[in-house]
Amino acid sequence: MAMASPPQSAISTTATTTTAAVTTANLRVSFLRPQFCHPRRDFCPAGLLISSDRIWSSCGDANSQRRLLLLPPSRNVRSAAFAGGVSGPLLQDAGATVLVVAGAYALVAGFDNLTKRQVIEQNLSRKLVHILSGLLYMGCWPIFSTSTEARYFAAVVPILNFTRLLVHGLSLVTNEDLIKSVTREGKAEELLRGPLYYVLVLILSSLVFWRESPVGVVALSMMCGGDGIADIMGRRFGFHKIPYNKHKSWAGSISMFVVGFLISIGMLYYFSIFGYFELDWVWTVERVAMVAMVATLVESLPTNGGLDDNISVPLVSMLTAYLSFGI
Ligand SMILES: Nc1ccn([C@@H]2O[C@H](COP(=O)(O)OP(=O)(O)OP(=O)(O)O)[C@@H](O)[C@H]2O)c(=O)n1
Ligand SMILES: C/C(=C\CO)CCC[C@H](C)CCC[C@H](C)CCCC(C)C
């Protein structure tokens, strides 16, 4: 990220002290429009704009459209679980990891059970697992501690699922239940495509963006909620096909745009409640709408069996969100 390089003469003692005290890994971020910038600020060498209680990072020159507010972990961040200092961050993260691993296992087993009992058909089960697993996974992020290592603990869950998919996909171990819940045709090797890419994206998002950036939150919302609903709605109501792709329908794409947009806004609001970032909502709605539009367009394109939606949708969402949000 390009940081403004402020004049050396403008460095204040307060700025230097505060900068030293704050490590990047422990910072929370806020994306605000220029008019939200704190009026009282001095420059420091790292490109951080220091105010009395907040640290601003400039993503360009002084007139840049983007401003990034970095906050040290503080009283503002709410921990959803294991509150209090008794357990310590390590224990909290270990507990949260065990809980989410169990949740992931229960989700897949639960949908397998529903499919076996013929409560829902296999394809609907697969799409509901697609929608719910990523969204619930993201929804669990606040139960991890505010420590630097928290994201690595959280990433353990998709990493374990990655290993599980690999082992079963390569038929090293056979588990018909897993195959039934997450594949289209019930073939083991299918685990090595869509589902594997899906968990890879979860790993990437938690390690790179974590809960501190709207980029990962929006990309996962589009992949899980948007792309998942396009299939469900498209298969049921997709009578009118898109002119350039006879396999996709207006109903699927419009549902993807609307639901992906709403879930993205909902998830951003959810994380802002916990204080991980603050957003100017009018500005955010515009940008999320743009990301949803680009992701929907890319999803609707013919691929001829090429690029999987679980790669194209999150990657293009990340890129668009990165360009529009600024990080
Ligand atoms: N914009 C969209 C997206 C999907 N669909 C419907 O949902 C089905 C599955 O779409 P998609 O998930 O893109 O297909 P595949 O990649 O073949 O399947 P999957 O990703 O689920 O493995 C399509 O055949 C179509 O009926 C649609 O109508 N409009
Ligand atoms: C069917 C899928 C993709 C095809 O488009 C999704 C596959 C999902 C994985 C097998 C399971 C992933 C679990 C998540 C990493 C964690 C979910 C935790 C939550 C608490 C349920």
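Residues numbered from 1 in each chain as written. Chains lettered and ligands numbered in written order. Predicted model: local features only at pLDDT ≥ 70, side-chain atom pairs only at ≥ 80, totals over all residues. Heavy atoms only, no water.

S.K.: Just checking my understanding: could you explain the packing of helix α3 (residues 122-139) against helix α6 (residues 194-209) for this structure?
M.R.: To describe two helices that pack against each other, one gives the angle between their axes and the distance between the axes. Interaxial distance between α3 and α6 falls to 11 Å at its minimum, and their mutual angle equals 15°. Accordingly, the angle class assigned to the pair α3 and α6 is roughly parallel. Note on packing geometry: the crossing formed by α3 with α6 is right-handed. Of α6, the residues touching α3 (which contributes Val129, His130, Ile131, Ser133, Gly134 and Tyr137) are Tyr198, Leu202 and Ser206. Of the residues that constitute the contact of α3 with α6, the class distribution is 5 nonpolar, 4 polar and no charged. (Axes fitted to C-alpha atoms, helices over the stretch in contact; angles between N-to-C directions. Helix = DSSP H or I, 4+ residues; strand = E, 2+ residues; numbered from the N terminus. Parallel < 35°, antiparallel > 145°, perpendicular 65-115°, else oblique. Left-handed = near helix turned anticlockwise from the far one by under 90°. Contact = heavy atoms within 4.5 Å. Nonpolar A, V, L, I, M, F, W, Y, C, P; charged D, E, K, R; others polar.)

S.K.: Would you take a moment to explain the UniProt feature "transmembrane region" (unreviewed entry) in the chain for this structure?
M.R.: Sequence positions flagged by UniProt for "transmembrane region" (unreviewed entry) are, in local numbering, residues 254-277. From the first C-alpha to the last, residues 254-277 spans 29 Å; its make-up is 83% helix and 0% strand. (UniProt positions renumbered as here; feature names shortened; annotations may be inferred.)

S.K.: Please explain the environment of Leu220 as it appears in this structure.
M.R.: Tracing the chain through its elements places Leu220 in helix α7 (residues 214-237). Separated by 89 residues in the primary sequence, Leu220 and Ile131 have C-alpha atoms spaced 9.8 Å apart. Apart from residues lying up to four places away in sequence, Leu220 is in contact with Met138, Trp141, Val201, Leu202, Ser205 and Gly225.

S.K.: What is the right way to look at the site of ligand 2 in this model?
M.R.: As a matter of local geometry, ligand 2 sits amid 16 residues, with Gly103, His130, Ser133, Leu202 and Asn310 nearest to it. In the environment of ligand 2, an oxygen atom lies 2.8 Å from a nitrogen or oxygen atom belonging to the side chain of His130. For ligand 2, the accessible surface in isolation is 610 Å², of which the surrounding protein chains cover 96%. If you list the elements that add at least two residues to the shell around ligand 2, you get α2 (88-116), α3, α4 (150-169) and α6. Residue composition of the shell around ligand 2, grouped by class: 9 nonpolar, 6 polar and 1 charged. (Near = heavy atom within 4 Å. Polar contact = N/O pair within 3.5 Å; in protein donor to acceptor, adjacent residues only side chain to side chain. Areas by Shrake-Rupley, 256 points an atom, 1.4 Å probe, with all protein chains shown as cover.)

S.K.: So what exactly am I meant to see when it comes to the pattern of salt bridges here?
M.R.: Side chains carrying opposite charge are able to pair once their charged atoms draw close together. According to the stated counting rule, one finds 10 salt bridges in the structure shown. Residue Lys127 is joined to Asp231 by a salt bridge in which the shortest nitrogen-to-oxygen separation is 3.9 Å. Here Lys127 is found in helix α3, whereas its partner Asp231 is found in helix α7, with 104 residues between them in sequence. Judged on exposure class, the residue Lys127 and its partner Asp231 are both buried. A salt bridge links Arg235 to Asp231; the shortest N-O distance between them is 2.9 Å. Taken together, the residues Arg235 and Asp231, both in helix α7 and 4 residues apart, mark about one turn of the helix. With relative accessibility at 16%, the residue Asp231 sits in the buried group. One connected set of salt bridges, linked through shared partners, spans Asp112, Lys116 and Asp177. (Salt bridge = Lys/Arg side-chain N within 4 Å of Asp/Glu carboxyl O. Buried < 20%, exposed > 50% of the residue type's maximum accessible area, 1.4 Å probe, protein only.)

S.K.: Is there a simple way to explain a nonpolar patch on the surface in this structure?
M.R.: Together, Tyr152, Leu204, Leu207, Val208 and Leu315 line one region of the surface with nonpolar side chains, adding up to about 440 Å² of accessible area. Per element, the largest residue contribution to the nonpolar patch is 3 residues, and it comes from α6. Relative to the elements of secondary structure, Leu204 occurs in helix α6. (Patch = residues over 30% accessible without salt bridge, like charges linked within 9 Å, V, L, I, M, F, W, Y side chains within 5 Å.)

S.K.: Help me understand α4, please; the structure alone is not making it clear to me.
M.R.: The α-helix advances 3.6 residues per turn, and as a result positions three or four apart in sequence lie on the same side. Along its 20 residues, α4 runs 29 Å from first to last C-alpha, staying within 8% of the 28 Å computed at 1.5 Å per residue. When the local axis directions of α4 are compared, the greatest deviation, roughly 30°, occurs at Val156, which is followed within four positions by the proline Pro158. Of the positions making up α4, those classed as buried are Ala150, Arg151, Ala154, Ala155, Val157, Pro158, Asn161, Arg164, Leu165, His168 and Gly169. Turning to α4, the residues buried within the fold contact α2, α3, α5 (176-182) and α6. Remark: Ser171 follows α4 within two positions and exhibits a positive phi of approximately 60°. (Expected span 1.5 Å × (residues − 1). Bend = angle between axes of the 7 residues up to and from the residue.)

S.K.: Whenever I open this one, the side chain of His168 confuses me. Can you help?
M.R.: Mapping His168 onto the fold places it in helix α4. Given the relative accessible area of 9%, His168 is considered buried. If near-sequence neighbours (up to four positions away) are discounted, His168 is found in contact with Val173, Thr174, Asn175, Leu178, Ala188 and Leu191.

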